[in-house]
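Descriptive structure summary
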Amino acid sequence: MTDSTSPARPVATAIRYLSIIVGCGCLLLTAICVAIACQVFIQTGVFAESYAMVGLISGVMGILALALARIWR
């Protein structure tokens with residue numbers, strides 16, 4: 001039996017905090033890529049597909065990492 005007041009295992013805690021950091025970093029990268037893609041579109045009228053794809057992939061990875069942090073106990 002485990003005591004609810006005992007500290008969590010160090011590995012689980014490290015994984016949880018690491019996934020929070022990675023998730024926030026990915027979402028920050030998403031915001032930067034979307035801002036660059038919008039700026040390129042405004043200035044040139046050409047859709048910057050590569051920035052949009054990187055933003056989309058990093059957004060999905062960020063959401064998954066934050067979901068992992070939420071469920072990992």
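Here, the structure is the one placed above.
Residues numbered from 1 in each chain as written. Predicted model: local features only at pLDDT ≥ 70, side-chain atom pairs only at ≥ 80, totals over all residues. Heavy atoms only, no water.

**Describing the state of the cysteines**
Heads up, the rule is: Any pair of cysteine sulfurs within 2.5 Å is marked as a disulfide.
The tally for this structure, following the rule as stated, stands at zero disulfides. Cysteine Cys24 remains unbridged, with the sulfur of Cys26 as its closest cysteine sulfur at 9.5 Å.

**Re the packing of helix 1 (residues 10-44) against helix 2 (residues 49-71)**
Operational definition: Axis angles are defined between N-to-C directions and span 0 to 180 degrees, where every axis is a line fitted to C-alpha atoms and, for a helix, only to the segment in contact. Here a strand is any run of E in DSSP of at least two residues, a helix any run of H or I of at least four, and the numbering for each starts at the N terminus. Here the word oblique covers every angle except those under 35 degrees (roughly parallel), over 145 (roughly antiparallel) and from 65 to 115 (roughly perpendicular). By the definition used in this description, the sense in which the near helix is turned from the far one sets the handedness, with an anticlockwise turn below a right angle giving left-handed and a clockwise turn giving right-handed. Gly is put with the polar residues, along with every residue not named as nonpolar or charged; the nonpolar set is Ala, Val, Leu, Ile, Met, Phe, Trp, Tyr, Cys and Pro, and the charged set is Asp, Glu, Lys and Arg.
Following both chains from N to C, one finds helix 1 and helix 2 inclined at 155°, their axes separated by 7 Å at the closest point. Taken together, the axis directions place helix 1 and helix 2 in an arrangement best described as roughly antiparallel. The chirality of how helix 1 crosses helix 2 is left-handed. Of the residues contributing to the contact of helix 1 with helix 2, the split by class is 18 nonpolar, seven polar and one charged.

**A word on the side chain of Ser19**
Note the threshold: Buried residues are those whose accessible area, probed at 1.4 Å on protein chains only, stays under 20% of the maximum for their type, while exposed residues exceed 50% and partly exposed ones sit between those limits. Under the rule applied, a polar contact is a pair of N or O atoms within 3.5 Å (in protein, one hydrogen donor and one hydrogen acceptor; residues adjacent in sequence only if both atoms are side-chain atoms). Every residue pair with non-hydrogen atoms within 4.5 Å of one another is taken to be in contact.
You can see Ser19 is positioned in helix 1. In this structure Ser19 comes out as buried when scored by relative accessible area, which is 6%. One polar contact links the side chain of Ser19 to the main-chain carbonyl oxygen of Arg16, over a distance of 2.9 Å. If sequence neighbours within four positions are ignored, Ser19 has contacts with Ala65, Leu66, Leu68 and Ala69.

**A look at a nonpolar patch on the surface**
So the rule is basically this: Patch construction takes residues with relative accessible area above 30% that form no salt bridge. Like charges are linked within 9 Å, and nonpolar side chains (Val, Leu, Ile, Met, Phe, Trp, Tyr) are linked within 5 Å. Surface accessibility in these figures is a Shrake-Rupley result with a 1.4 Å probe; residues are shielded only by whichever protein chains are displayed. By convention in these notes, a salt bridge is any Lys or Arg side-chain nitrogen within 4 Å of a carboxyl oxygen on Asp or Glu.
The grouping of Met53, Leu56, Ile57, Val60, Met61 and Leu64 at the surface amounts to a nonpolar patch, some 580 Å² of accessible area in total. In this fold, Ile57 is placed in helix 2.

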